[in-house]
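# Remarks on the overall topology
So the chains spell out like this:
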Amino acid sequence: MAALATFFNSLPTVNACSHCLLPVSLNGQEREVNGERLPFCCYGCCLAYQVSHGERDEPEAAWLLIRIGAGAFLAMFIMLFSLLLYSGTFGENDGVIVRAVHFILWALATPLVVILGAPFLRGAAQAARAGRFSADTLVVIGSFAAYGYSALQVVQGGDAVYFDTATMVLVLFTLGRYLEAQARVRTARSLAPMLAAERASATVMVDGSETGRPVSEILPGAIVRVRAGERLPVDGVVIEGSSHCDEAVLTGQPERLRKQPGSSVYAGSINGDGALLVRASVAGNATRWVQISRAVRVALSRKSLLGELIDRVAAWFVPAVLLLALATLWYWNARGPFEDALMAGLAVLVVACPCALGLAAPLACALGLGEAAQKGILIRGGGVLEKLARVRAFAFDKTGTLTSGSLRVVEVMTVKAGEAELFGYAAGLAAGSKHPLSLSIEGAARERDYSALSLAGITAKPGQGMVAANAAMGSAALMQTHNWRIPDVLTARAESSNATLVYVGWNGAVRGLLCLADEAPSDAGAAVSALHELGFATTMLSGDAEAPAARIACAVGIKSHHAMLTPEGKVAALREFARQHGAVAMVGDGVNDGPVLAAAMVGIAVGNASDFAREAADITLPAASLRELPWLIALARRVRDTMYKNLAWAFGYNAIALSLAVSGLLQPVIAAGLMAGSSVVVVINSLRAGSENLRDDVVSASAAGARVKLQS
């Protein structure tokens, strides 16, 4: 094989088949496997490649298709011979021929039952070892009972053979499984860019030569070459070359951004038409892309609330169907031939398989999670989407959420201290936090060429400020906890200011006041306006002073706000807001927002939220993405509605079909066809919902509101 690969690789212009390495002719085809478009010379090679190299559901789908092909071939002859028996072709004098046909049917049905029945038998055995019944149990009992009874009739010389029923049930259920697997493959393909981070590789420059390495081996400082059209494997800074990068996988924004020496680039984005040399700024396994990949995997592994309920229902549903099938068999056996009673009992088993129930919730959830991830929105699981669909109101943090978080120091006041000394203490305390206020104070100190003092024991006081061994910086309440008196001149200035105020004190006294101003980002007001149009109530919960909180609330259009709140105060205010309006989603970013994010029905972290806020939140939005909130709500409700429709169809179908089967009006083959059709309907409904393009931003919020009305 290696020699063949070398030979064909030496040919200059012809693509080679990804499986057999033969040249791909004009009749060849391209198929997507593991998220890549690969050439194949024929469909057989494509199937073989998926079986041997596919990930997740691709090998299962390929194997199912192969089994269906073999089973359908055998089933075709079984149906032809069965038609001869059913059509009355043979007379009373053709007993030998009829018996021969029975043996032929047995010979054809046996390999089909082995090929198609083995996976169901394994599934039923696994469920039995776990002490429960499954949908496979129903299929195995239904098909194997028909096959075993027919085989017994052949041995005993009887006429009641149902090999066609046994085999067609398996063919149709395998077809249903194949369609399910294909749906999962399609879902996985839509998520491939998010899930490919950990198995990506990078071209690293070592002593002037290129070396391919897995991203997990990339360390900060490594020089990585990124060719035109490649996906960037690392976060870093461009040191050579220029290009435009598509960062949609991280931000959801389709616009390509220009990158040149000094520009920051991010793993997962797609390089444009220029080659780049990038110096990695973080380890390859710590990039934002890898974090997204891990979060998506965890989210997909979590069941939705509705999915958990369905599992509990299914645990009782299957045993109940078995009892109903036995009761049906007993009832019709007492009133007619055993063969008719057997067919009625088998029809009950086959038609009641909860395949559609099993697909109703997870498929719709996976598509919804994938659609959100493509915009850079991370959701912890399908249950979060269901909760978000029930939200009636939104509460917002102020700094860093409704505002840009880039504050400016607009005024400095000192009392018995110099400005340099004040900034020295302030910058030293700010070094212990990533809060926007701390970052802005550090930046202001650097702009003024003031050095930060090295302070011991720096600790964050959520909602109040920062403290060290002999210094503190933060709110007036924090100064009061230290029994440090605020000078009258600072108090008077604070009362007349609508800026964000930060007191700074050390050695037992308050020495100065920093006044910082922040502006609401351009999309905050539009996002709040869109939520109001959709009928949501809004409020703002801030730890800041009354004046700046009122200014920002007015600027973005929020009529209700609460200022000077501690983290515990935010939780209390949120609960009171929820008591008035119903389920509330909290949007925040800081360390002090962790408790209130956890207390809300849905916690949403935005932008450059602190690690604590991200851990406490159910949803993480990319920076400057408040405008995606209406779209996210529409997505959550679309997923929930799809699940409800799927469930309504599955339960309604089972109720009607079971009634027909118990009444003896449904043959097992027809029941199997209806069962497979039920699964197909659920799959199509989920895929159709997933393919809808509801990308509405704030500008088109009115259109979104027409589709997503708040329920009364």
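Residues numbered from 1 in each chain as written. Predicted model: local features only at pLDDT ≥ 70, side-chain atom pairs only at ≥ 80, totals over all residues. Heavy atoms only, no water.

The end-to-end C-alpha distance of helix 20 (residues 567-581), which contains 15 residues, comes to 21 Å, matching closely the 21 Å that a straight helix rising 1.5 Å per residue would cover. Of all the positions in helix 20, only Pro-567, Gly-569, Lys-570, Val-571, Ala-573, Leu-574 and Phe-577 are classed as buried. Among the structural elements, strand 13 (393-396), strand 20 (537-541), strand 21 (561-562), strand 22 (584-588) and helix 21 (594-599) are those in contact with the buried residues of helix 20. (Helix = DSSP H or I, 4+ residues; strand = E, 2+ residues; numbered from the N terminus. Expected span 1.5 Å × (residues − 1). Buried < 20%, exposed > 50% of the residue type's maximum accessible area, 1.4 Å probe, protein only. Contact = heavy atoms within 4.5 Å.)

Regions with low pLDDT should not have their predicted coordinates read in detail. Across the protein chain, the average pLDDT comes to 78, with 78% of residues at 70 or higher. Taken as a whole, residues 693-712 scores under 50 in pLDDT and shows 38 contacts with residues more than four places along the chain or in a different chain. (pLDDT = per-residue confidence, 0-100.)

Moving on: the pairing of strand 23 (residues 602-605). Side-chain alternation along strand 23 places Val-602 and Ile-604 on one buried face and Gly-603 and Ala-605 on a second face that is also buried. Both strand 22 and strand 23 contribute to a ladder of 4 bridges, which runs parallel. Within strand 23, the position partnered with Gly-588 by the bridge is Ala-605. Inspection of the sheet shows strand 23 paired to strand 24 (residues 619-620) by 2 bridges, in the parallel sense. Along strand 24, the bridge assignment pairs Ala-605 with Thr-620. (Pairing = 2+ DSSP bridges.)

This structure, assessed with the given rule, holds 10 aromatic pairs. With centroids separated by 6.5 Å and ring planes inclined at 25°, the aromatic side chains of Tyr-149 and Tyr-162 adopt a geometry described as stacked. You can see Tyr-149 sitting in helix 5 (residues 135-156) and its partner Tyr-162 sitting in the loop between helix 5 and helix 6 (163-195), a full 13 residues away along the chain. With respect to class, Tyr-149 is no different from Tyr-162; both count as buried. Residues Phe-394 and Phe-396 carry aromatic rings whose centres are separated by 6.3 Å and whose planes lie at 25° to one another, so their mutual orientation is stacked. Taking the relative accessible area as the measure of exposure, Phe-396 reaches 1% and is therefore buried. (Phe/Tyr/Trp six-rings, centres within 6.5 Å; stacked < 30°, edge-to-face > 60°.)

In terms of nonpolar packing, the biggest core is built from 49 residues, with Leu-112, Phe-163, Leu-170, Val-321, Leu-349 and Val-351 touching the most fellow members. Those elements that place two or more of their residues in this core are helix 3 (58-86), helix 4 (95-129), helix 5, helix 6, helix 9 (305-333), helix 10 (338-351) and helix 23 (629-662). Membership of the second largest hydrophobic core comes to 43 residues, among which are Val-528, Phe-536, Ile-552 and Ile-558. (Core = buried A, V, L, I, M, F, W, Y, C linked by side-chain atoms within 4.5 Å.)

Evaluation of the coordinates by the stated rule reveals 8 salt bridges. The shortest N-O distance in the salt bridge between Arg-485 and Asp-488 comes to 3.1 Å. You'll find Arg-485 and Asp-488 in the same group, each marked exposed. If you follow the salt bridges from partner to partner, you end up with Glu-210, Arg-225 and Arg-227 in one network. (Salt bridge = Lys/Arg side-chain N within 4 Å of Asp/Glu carboxyl O.)

Okay, the packing of helix 4 against helix 5 next. Packing of helix 4 against helix 5 leaves a shortest axis separation of 10 Å and a crossing angle of 160°. In terms of their interaxial angle, helix 4 and helix 5 are classed as roughly antiparallel. Considering how the two elements wind past one another, helix 4 and helix 5 form a crossing that is left-handed. Of the residues in helix 5, those touching helix 4 at Arg-99, His-102, Phe-103, Trp-106, Ala-109, Thr-110, Val-113, Gly-117, Phe-120, Leu-121, Gly-123 and Ala-124 are Asp-136, Thr-137, Val-139, Val-140, Phe-144, Tyr-147, Ala-151, Val-154 and Val-155. Of the residues contributing to the contact of helix 4 with helix 5, the split by class is 14 nonpolar, 5 polar and 2 charged. (Axes fitted to C-alpha atoms, helices over the stretch in contact; angles between N-to-C directions. Parallel < 35°, antiparallel > 145°, perpendicular 65-115°, else oblique. Left-handed = near helix turned anticlockwise from the far one by under 90°. Nonpolar A, V, L, I, M, F, W, Y, C, P; charged D, E, K, R; others polar.)

Together, Phe-73, Met-76, Leu-80, Leu-83 and Tyr-86 make up an exposed nonpolar region whose accessible area comes to about 550 Å². Structurally, the position occupied by Phe-73 is in helix 3. (Patch = residues over 30% accessible without salt bridge, like charges linked within 9 Å, V, L, I, M, F, W, Y side chains within 5 Å. Areas by Shrake-Rupley, 256 points an atom, 1.4 Å probe, with all protein chains shown as cover.)

Moving on, we get to unusual backbone geometry. The phi dihedral of Lys-416 falls on the positive side, at around 55°, and the residue is not glycine. Mapped onto the fold, Lys-416 is located in the loop between strand 14 (408-414) and helix 14 (419-430). In this structure, Asp-449 is a non-glycine residue whose phi angle is positive, near 60°. Within the secondary structure, Asp-449 is located in the loop between helix 15 (436-447) and strand 15 (459-461). Assessed through its relative accessible area of 69%, Asp-449 is described here as exposed.

Strand order in the open sheet made by the 6 strands is 4-3-5-11-6-9, with antiparallel pairing throughout. Every interior strand has two partners, whereas the edge strands, strand 4 (209-214) and strand 9 (264-265), have only one. Bridge analysis of strand 6 (residues 236-240) against strand 9 gives 2 bridges, and the strand direction is antiparallel. Along strand 9, the bridge assignment pairs Val-237 with Ser-264.

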